[in-house]
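Next come the chains, spelled out residue by residue.
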Amino acid sequence: MKKKDLEKRLSKLGWRFLRHGGKHDYWTNGEIHEAMPRHREINEMLAKKIILKQIEELGILQRGSIDLLDMTNFSVHRHGVRNR
């Protein structure tokens, strides 16, 4: 997944860029921080893990209720998560 796409998804979930680190950028939702590698391409499994962790923080879904293989095709709506 491209880093820009992951950043857009995090922004939609209410996260914002916090600071640059040595090899990572740090994003926050105001309570917790998440490190994201500073590469153009981010490993697909790592991107899915980061997105799923943020969705679980919002309480939108329980782990296992979304297919991890389809994680890149989701969108967040006021009624929860919907696969496209």
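Quantities reported herein were computed from a predicted structural model and do not represent experimental measurements.

Reading guide: rules and limits
- Residues numbered from 1 in each chain as written.
- Predicted model: local features only at pLDDT ≥ 70, side-chain atom pairs only at ≥ 80, totals over all residues.
- Heavy atoms only, no water.
- Helix = DSSP H or I, 4+ residues; strand = E, 2+ residues; numbered from the N terminus.
- Contact = heavy atoms within 4.5 Å.
- Phe/Tyr/Trp six-rings, centres within 6.5 Å; stacked < 30°, edge-to-face > 60°.
- Buried < 20%, exposed > 50% of the residue type's maximum accessible area, 1.4 Å probe, protein only.
- Lys NZ or Arg CZ within 6 Å of the ring centre and 35° of its normal.

Draft legend 1. Expanded view of the environment of Trp15. Secondary-structure assignment places Trp15 in the loop between helix 1 (3-12) and strand 1 (16-20). Residues in contact with Trp15, not counting those within four places in the same chain, are Leu10, Trp27, Thr28, Asn29, Ile32, His33, Glu34 and Gln54.

Draft legend 2. Region of interest: the packing of aromatic side chains. One pass over the full model with this rule turns up one aromatic pair. Ring centres of Phe17 and Trp27 lie 6.3 Å apart, and the angle between their planes is 80 degrees; this geometry places the pair in the edge-to-face category. Of this pair, Phe17 sits in strand 1 while Trp27 sits in strand 2 (residues 24-28); the two residues are 10 residues apart in sequence, bridging distant segments of the chain. Note on Phe17: relative accessible area 36%, which makes it partly exposed. Between Arg19 and the ring centre of Tyr26, over which it is positioned, the NZ or CZ distance is 4.2 Å.

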